[in-house]
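# Understanding the architecture of this molecule
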Amino acid sequence: MADLLKLGVLISGNGSNLQSIIDNIENGSLKAVIKIVVSNNPDAFGIARAKKHGIPFAILKNGDYRSKDDFDAALVKILKDCDVELVTLAGFMRIITPTLLRAFPGRIMNIHPALLPSFPGLHGQKQAVDYGVKFSGCTVHFVDEGVDTGPIIIQAAVPVMDDDTEDTLGARILKEEHKIYPRAIQLFADGQLEINGRKVKIINR
Ligand code: GRF
């Protein structure tokens, strides 16, 4: 059996994407192991999810570091000490610095609740409702120095209904997030993602 891909999952909140990664590992469809969950929020529900499944976790409080770089340096140390090969941001509410990017070049993924490049940043679901688009969705992308600007790996579209609110659209999008994030991670684990500038090619093996 091939080695399991070693993941670090970074969270700040509910952790439903973390849960979908855990579930896909446990049901055998994702050939990976979560080496560490890191939260910058001590009250994140995702920490309870990690505990329940016996996954190691660490809490790094924003206020304990003098600068964003200092925070990311501490984060890199934890991830490296755990031999992490792929860093997955799963509702991690921080902008990451070059300190983290340089430590894991082409090895950091994020999930965003909109069809990028539309509606980057906070509240992608609300932005879509307010704008009046007929379709929105979610995007898994590699992380670069911008906000939600990195090369796109997979997207899933969902319809926007006339009476949608941020919450109803968000729930529809979240169901798709839980499918495409584990799929993108498995493609990475299988060495099927080739990054060429802005483009990610999925190679059939
Ligand atoms: C998701 O909507 C994700 O797209 C965004 O933050 C939210 C995290 O949700 N980046 P959860 O903590 O995984 O439930």
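Just above sits the structure.
Residues numbered from 1 in each chain as written. Predicted model: local features only at pLDDT ≥ 70, side-chain atom pairs only at ≥ 80, totals over all residues. Heavy atoms only, no water.

### Some thoughts on the pattern of salt bridges
Formally: Put simply, a salt bridge is a Lys or Arg side-chain nitrogen that is within 4 Å of an Asp or Glu carboxyl oxygen. When accessible area is computed with a 1.4 Å probe and restricted to protein chains, residues below 20% of their type maximum are described as buried, those above 50% as exposed, and intermediate ones as partly exposed.
For the coordinates displayed, the defined rule picks out 5 salt bridges. Ionic pairing is found between Asp70 and Arg66, a salt bridge with its closest N-O pair at 3.5 Å. The exposure class assigned to Asp70 is partly exposed, which follows from its relative accessible area of 29%.

### Side note on the packing of aromatic side chains
The criterion, for reference: Centres within 6.5 Å make a pair out of two Phe, Tyr or Trp rings, where for Trp the six-membered ring is used; the pair is then stacked when the planes are under 30 degrees apart, edge-to-face when over 60, and tilted otherwise. Two thresholds decide whether a charge sits over a ring: the Lys NZ or Arg CZ must be within 6 Å of the ring centre and within 35 degrees of the ring normal.
All told, the structure shown has 3 aromatic pairs when counted by the stated rule. Its guanidinium or amino end placed over the ring of Phe104, Lys80 lies 4.2 Å from that ring's centre, counting from NZ or CZ. Between Arg94 and the ring centre of Phe71, over which it is positioned, the NZ or CZ distance is 3.6 Å.

### Considerations on the environment of Val143
Here is the rule we go by: The helix count covers DSSP runs of H or I at least four residues long, the strand count covers runs of E at least two residues long, and both are numbered beginning at the N terminus. Contacts are assigned to residue pairs that have any heavy atoms within 4.5 Å of one another.
When you line up the elements, Val143 lands in the loop between strand 6 (135–142) and strand 7 (152–159). Given the relative accessible area of 16%, Val143 is considered buried. Excluding residues within four positions of it along the chain, Val143 makes contact with Leu89, Ile96, Leu101, Ile108, Met109 and Asn110.

### Notes on the site of the ligand
Selection criterion: Each residue is tested against the molecule or strand, and it is near if at least one of its non-hydrogen atoms lies within 4 Å. In the analysis that follows, any N or O atom pair within 3.5 Å is treated as a polar contact, provided that within protein one partner can donate a hydrogen and the other can accept it, and provided that, for residues neighboring in sequence, both atoms belong to side chains. The accessible surface values rely on the Shrake-Rupley method and a 1.4 Å probe; as for residues, cover is taken only from the protein chains in view. Three residue categories are used. Nonpolar comprises Ala, Val, Leu, Ile, Met, Phe, Trp, Tyr, Cys and Pro, charged comprises Asp, Glu, Lys and Arg, and polar comprises the others, including Gly. Segment limits for the domains were obtained from an automatic or database-derived domain assignment.
Neighbouring residues of the ligand: Asn14, Gly15, Ser16, Asn17, Gly91, Ile111, His112, Pro113, Gln125 and Glu177. Between the ligand and the protein, one listed contact pairs a nitrogen atom with a backbone N or O atom of Ile111 at 2.9 Å. Taking Glu177, its side chain carries an N or O atom lying 2.8 Å from an oxygen atom of the ligand. Protein chains shield 83% of the accessible area of the ligand, which is 370 Å² for the free molecule. Looking at the shell around the ligand, the elements that each hand over two or more residues are helix 1 (16–26) and strand 5 (108–112). Counted by class, the shell around the ligand contains 2 nonpolar, 7 polar and 1 charged residues. Lining the shell around the ligand are residues from two domains, each supplying at least three of them: domain 1 (1–105) and domain 2 (110–205).

None of this, on its own, says anything about what the molecule does.
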